[in-house]
Amino acid sequence: MPLTATPIAPYNTVAMARDFYDVLGVSRSASDKEVRQAFRRLARKYHPDVNPGDAQAEERFKEINRAYEVLSDKDKRKKYDRYGERWEQAEAFDQARRAGGAGGAFTQTFDLGDLFGPAYRQAGAGRGGAFEGIFGAFTGRRGPMRGQNVEYATDVTLEEAFQATTRLLELQSEEACATCGGSGEIAGAVCHVCQGAGQTLKMKRLEVKIPAGVQDGSRVRIAGEGHPGFGGGPRGDLYVVVRVRAHPRFERKGADLVTEAGVALEDAVLGGEVEVQTLSGKHVALKVPPLTQNGRVFRLSGLGMPRLDEKRKNKARGDLLVRVNVVLPQSLSDRERELFERLREERRKQKVGA
Ligand SMILES: [Zn+2]
């Protein structure tokens, strides 16, 4: 009996499809022959010609055809084994990638690794992880669904974190396909522009303001710039994760900054002034008292990082902590050597006398 091929519905019209192996009643390791035999047996049983007017049998027949269409094709079966019911989206993205640069909506070659790897997630999800990123939102989908959030990492210097800065981000953004309105199909056929994925990629530029006092690891939220929603759901959000780079001269401790300043031996002993450069580039004079010990820390109030914390507005900035580093002379003149020798003699006499 000749079999009628049933057009395959695009993925987004299929509600929670049953496992194709279950549909055909074969094991996952079934041979091609076993798959074919199971299909023939079931197709004969549920064929609409044999069951006129039986809607349930007709549904079953469609299901069997769909399962066989996938499991009888080596390549599709492999994809199905790997991605399950989401295999078609995997294929659509594969096709789109192959067609990259060939015009249409996919005007640039893109790679899932680039898209959802380094650019979106610094710690780089691999190729397998990328599919989780795209398709995670499809699982258990019922009605409108909010799109997924996207993370984008950027780094700033400590000076930029001190002053506030902006970043111009170039993102490849997923947009609902304009041709099919995001459904993936046009009049029952797979959309030729998005290959059934319902989404296309667009380059997008966003200016992101990074506030003064931003902490390492802070996330700046940009509402509505994440992945598009499904079934009329709103877009997810974009989170820009800010990494603050280490500075060679300043260490950050909360809102305070720690730096070192060299003090000449005579100034440490007799007291004096030392010049300290702040993070903003200003030079301030720090008075050190007589007999300042090596490693002593002085606090310069209000010369640290700006505070983001609203509750502490009474103190808008942290402090600058200066650790004093007593510097011994590298060379001595004859006169200086003489003075040091006299100093030693003097101190020995004191010790003996004590
Ligand atoms: Zn489309």
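If you're wondering where the values come from, they're calculated on a predicted model, not measured in any experiment.

Describing the overall build of the protein chain
Counting its regular elements, the protein chain contains ten helices and 13 strands. Relative to its full complement of 354 residues, the protein chain shows a buried share of 37%. Counting only contacts in the protein chain whose residues sit at least 6 apart along the sequence, the fraction spanning at least 24 positions is 61%. In the form shown here, the protein chain has an accessible surface area of approximately 20,600 Å², with 49% of it arising from carbon and sulfur atoms.

Considering the side chain of Thr154
Mapped onto the elements, Thr154 comes out in strand β1 (residues 150-156). Not counting the four nearest positions on each side in its chain, Thr154 is found in contact with Arg167, Ile210, Val240, Val241, Val242 and Arg243.

A closer look at the pattern of salt bridges
Evaluation of the coordinates by the stated rule reveals 18 salt bridges. Taking the shortest distance from any N to any O, the salt bridge between Arg146 and Asp237 comes out at 3.1 Å. On the criterion of sequence distance, the pair formed by Arg146 in the loop between α7 (127-135) and β1 and Asp237 in the loop between β6 (218-222) and β7 (238-244) is long-range, its members being 91 residues apart. Residue classification places Arg146 among the partly exposed residues on the basis of a relative accessible area of 38%. The network of salt bridges with common partners includes Arg146, Arg221 and Asp237.

Some details on the nonpolar core
Membership of the largest hydrophobic core comes to 35 residues, with the highest contact counts inside it found for Leu238 and Leu286. Excluding residues within four positions of it along the chain, Leu238 makes contact with Val150, Tyr152, Leu171, Leu206, Val220, Arg221, Ile222, Glu225 and Gly226. By size, the runner-up hydrophobic cluster in this structure holds 20 residues, among which are Ala30, Ala38, Val70 and Tyr80.

Considerations on the coordination of the zinc ion
Distances from the zinc ion to its protein donors, namely Cys177 (SG), Cys180 (SG), Cys191 (SG) and Cys194 (SG), fall within the range 2.2 to 2.4 Å. Classification of the site at the zinc ion rests on its four donor atoms, whose angles at the metal span 103 to 115°, yielding the label tetrahedral.

Section: the confidence of the model for the protein chain
Across the protein chain, the average pLDDT comes to 77, with 76% of residues at 70 or higher. Across residues 1-16 the pLDDT falls below 50, and counting only partners more than four positions away or on other chains, this stretch makes 34 contacts in the model. Ignoring residues within four places in sequence, the model shows residues 100-141, a span with pLDDT below 50, making 83 contacts including any to other chains.

Looking at unusual backbone geometry
Although it is not a glycine, Ala187 sits at a positive phi angle of roughly 50°. Accessibility expressed as a relative area gives 83% for Ala187, which makes it exposed. Phi at Gln195 is positive, roughly 60°, even though this residue is not glycine. Relative to the assigned elements, Gln195 resides in the loop between β4 (189-190) and β5 (199-210). On the basis of relative accessibility, which here comes to 24%, the residue Gln195 falls in the partly exposed class.

As for a positive patch on the surface
On the surface, Lys33, Arg36, Arg40 and Arg44 cluster together to form a positively charged patch. Relative to the helices and strands, Arg36 resides in helix α2 (residues 32-46).

Here we look at the sheet that holds strand β9 (residues 256-264)
Strand order in the open sheet formed by four strands is β8-β9-β13-β12, and the pairing between neighbours is mixed. Only two strands of the sheet have a single partner each, and these edge strands are β8 (251-253) and β12 (297-300). Averaged over all pairs of adjacent strands, the angle between strand axes in this sheet comes to 35°, irrespective of strand direction. As judged from the eight bridges shared by β9 and strand β13 (residues 320-327), these two strands associate in the parallel manner. The residue of β13 that forms the bridge with Ala264 is Val327.

Comments concerning the environment of Gln172
Locating Gln172 in the fold gives a position in strand β2 (residues 165-176). Sequence-wise, Gln172 and Lys204 are 32 residues apart; in three dimensions their C-alpha atoms are separated by 6.1 Å.

Points about α2
Look at α2: 21 Å from first C-alpha to last across 15 residues, which is about the 21 Å you get at 1.5 Å a residue. Restricting attention to buried positions, one finds in α2 the residues Val35, Ala38, Phe39, Leu42, Ala43 and Tyr46. Mapping the buried residues of α2 onto a view down its axis gives an arc of 125°, with all of them on the same face. Exposed side of α2, more than 90 degrees from the buried face: Lys33, Arg44 and Lys45 are the residues found there.

Comments concerning the sheet that holds β6
Strands in a sheet are paired, the pairing made by backbone hydrogen bonds, and the direction either parallel or antiparallel. With mixed pairing, the three strands of this open sheet are ordered in space as β1-β7-β6. Only two strands of the sheet have a single partner each, and these edge strands are β1 and β6. Taken pair by pair, the neighbouring strands of this sheet meet at an average axis angle of 25°, ignoring direction. Relative to β7, β1 runs parallel, the two being bridged by seven bridges.

Procedures and definitions
For every chain, the first residue of its written sequence is number 1, and the numbers climb from 1 along that sequence. With the structure being a predicted model, the display of local features is reserved for residues of pLDDT at least 70 and the display and counting of side-chain atom pairs for 80 or more, all residues being used for whole-chain, interface and lining totals. As a rule here, side-chain values come from all non-hydrogen atoms in the structure, and water together with hydrogens is ignored. Put simply, DSSP H or I for four residues or longer makes a helix, DSSP E for two residues or longer makes a strand, and each gets a number counted from the N terminus. Type-normalised accessible area, obtained with a 1.4 Å probe on protein chains alone, sets the label of each residue: buried when under 20%, exposed when over 50%, and partly exposed for intermediate values. We call two residues in contact whenever any of their non-hydrogen atoms come within 4.5 Å of each other. Per-residue and other accessible areas follow the Shrake-Rupley method at a 1.4 Å probe size, with only the shown protein chains counted as cover for residues. One side-chain nitrogen of Lys or Arg within 4 Å of one carboxyl oxygen of Asp or Glu is enough to make a salt bridge. We call a set of buried residues a nonpolar core when its members are Ala, Val, Leu, Ile, Met, Phe, Trp, Tyr or Cys and they connect through side-chain atoms within 4.5 Å of each other. Donor atoms are limited to N, O and S found within 2.8 Å of the metal ion, a distance that becomes 3.2 Å for Na, K and Ca. With water left out, some sites might look partial. For a four-donor site, all angles between 85 and 135 degrees give tetrahedral; for four or six donors, opposite pairs above 155 degrees with the remaining angles between 65 and 115 give square planar or octahedral; all remaining cases count as irregular. pLDDT is a residue-level measure of predictor confidence that goes from 0 to 100. A residue counts toward a patch only above 30% relative accessible area and without a salt bridge, and it is joined to like-charged neighbours within 9 Å or, for Val, Leu, Ile, Met, Phe, Trp and Tyr, to nonpolar neighbours within 5 Å. Only four residue types enter the tally: Lys and Arg on the positive side, Asp and Glu on the negative side, with His and both chain ends excluded. Charged side chains are reduced to one point each, which is NZ for Lys, CZ for Arg, CG for Asp and CD for Glu. One requirement defines pairing of two strands: DSSP has to find at least two bridges between them. Helix axes are fitted to C-alpha atoms over the stretch in contact, other axes to C-alpha atoms as well, and angles between N-to-C directions run from 0 to 180 degrees. Expected helix span is taken as 1.5 Å per residue step, with the number of steps being one fewer than the number of residues. For this quantity, the arc is that covered by the directions from the helix axis to the C-beta atoms.

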